[in-house]
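Report on the structure
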Amino acid sequence: MQLAPIDLVFMIGDYAVSAVLILLFVYLYRSGRIDRALFYAFWIGCLIGATWEFTFMLLGPEFAYSVNPWPFGLSGWPKKLSHSIWDGGIFMVGVWLCRRMLSERPLFTAFDWRELAIMEGWGVFQGFLVEYLFVGRVWFYVPLPWNPVIIPPLLGGASEVGYTLIPQLVWTVAPIVFYLALLWLKHRYPPDG
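Note that the coordinates shown come from a computational prediction; the quantities given were computed from them, not determined experimentally. (Residues numbered from 1 in each chain as written. Predicted model: local features only at pLDDT ≥ 70, side-chain atom pairs only at ≥ 80, totals over all residues. Heavy atoms only, no water.)

**Description of the packing of helix α3 (residues 77-101) against helix α4 (residues 113-134)**
Where α3 meets α4, the axes come as close as 9 Å, and the angle between the chain directions of the two elements is 135°. It follows that α3 is oblique to α4 by the angle criterion. For α3 against α4, the interelement crossing comes out right-handed. Contact with α3, carried on its side by Ile90, Val93, Gly94, Val95, Leu97, Cys98 and Met101, involves Glu115, Ile118, Met119, Trp122 and Gln126 of α4 and no other residues of that element. Considered class by class, the residues forming the contact of α3 with α4 number 9 nonpolar, 2 polar and 1 charged. (Axes fitted to C-alpha atoms, helices over the stretch in contact; angles between N-to-C directions. Helix = DSSP H or I, 4+ residues; strand = E, 2+ residues; numbered from the N terminus. Parallel < 35°, antiparallel > 145°, perpendicular 65-115°, else oblique. Left-handed = near helix turned anticlockwise from the far one by under 90°. Contact = heavy atoms within 4.5 Å. Nonpolar A, V, L, I, M, F, W, Y, C, P; charged D, E, K, R; others polar.)

**Some words on the packing of aromatic side chains**
On inspection of all chains with the given rule, the structure shows 23 aromatic pairs. Ring centres of Tyr29 and Phe39 lie 4.5 Å apart, and the angle between their planes is 10°; on these two criteria the pair is classed as stacked. Residue Tyr29 is found in helix α1 (residues 5-30), and its partner Phe39 is found in helix α2 (residues 36-59); the two are separated by 10 residues along the sequence. A ring pair is formed by Phe134 and Trp139, whose centres lie 5.7 Å apart and whose planes are at 35°; its orientation type is tilted. Phe134 sits in the partly exposed class, given a relative accessible area of 23%. Taking relative accessible area as the criterion, Trp139 reaches 15% and is therefore assigned buried. Here the aromatic cluster, defined as three or more aromatic residues joined through ring pairs, consists of Phe25, Tyr29, Phe39, Tyr40, Phe42, Trp43 and Tyr189. (Phe/Tyr/Trp six-rings, centres within 6.5 Å; stacked < 30°, edge-to-face > 60°. Buried < 20%, exposed > 50% of the residue type's maximum accessible area, 1.4 Å probe, protein only.)

**Some thoughts on the packing of α1 against α2**
Axis separation between α1 and α2 bottoms out at 9 Å; the angle between their running directions is 165°. One finds that α1 runs roughly antiparallel with respect to α2. Classified by chirality, the crossing of α2 by α1 is left-handed. Facing Leu21, Ile22, Phe25, Val26 and Tyr29 of α1, the residues of α2 in contact are Arg36, Phe39, Phe42 and Trp43. Of the residues assigned to the contact of α1 with α2, the class counts are 8 nonpolar, no polar and 1 charged.

**Some points on the environment of Ser31**
Positionally, Ser31 belongs in the loop between α1 and α2. In this structure, the C-alpha to C-alpha distance between Ser31 and Ile151, residues 120 residues apart in sequence, is 44 Å. Only 2.8 Å separates the side chain of Ser31 from the backbone oxygen of Tyr27, close enough to count as a polar contact. (Polar contact = N/O pair within 3.5 Å; in protein donor to acceptor, adjacent residues only side chain to side chain.)

**Examining α2**
Its 24 residues place the ends of α2 35 Å apart at the C-alpha level, agreeing with the 34 Å of an ideal helix rising 1.5 Å per residue. Of the residues that open α2, the one with a side-chain oxygen 3.2 Å from the backbone nitrogen of Ala37 is Asp35. Just downstream of α2, Gly60 is the residue with a positive phi angle, here 80°. (Expected span 1.5 Å × (residues − 1).)

Read these as spatial facts, not as claims about activity.
The following block contains the structure:
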């Protein structure tokens with residue numbers, strides 16, 4: 001199978017970013033720049049992402065499919081594993097945004113609506129942006145009765161159908177789950193522990 005140059009860039013970039021994210025978080029942890037709770041939070045974020053990445057794969061092409069399948073078997077579970085690692089990194093950007101915007105006190109020590117609002121806002125924003133940039137170019141979600149189109153096609157987007165409910169819903173619920181897991185991790189692994 002011959003890939004167009006842009007598809008080759010997407011494929012190489014997909015796996016390169018995943019590898020860099022793993023190396024980055026190992027480095028940040030081993031160098032003491034992040035504590036154990038945040039290191040584990042990255043991996044929990046990957047696991048949370050894997051719940052929908054692999055579910056979407058198991059639902060098959062009747063739900064979602066690659067626009068241009070990658071060669072060498074890289075379109076199946078390796079791609080979903082890579083995207084799960086990306087998801088972990090995306091969650092950690094939410095942590096970084098909290099650090100930047102709420103630096104006046106220790107973070108993630110107790111439930112705080114401001115922390116959750118930042119993570120939720122980031123999750124919804126980036127979820128939509130990723131769909132806008134890649135639906136119709138890299139993957140496509142099939143409109144179904146339980147996955148209806150909720151946003152019509154937008155100028156500059158590649159989707160001629162629009163954007164469906166389930167991917168948007170995922171990034172509405174997932175930041176809440178991640179935030180609660182992060183609070184638990186911070187209590188389980190305090191900075192001095």
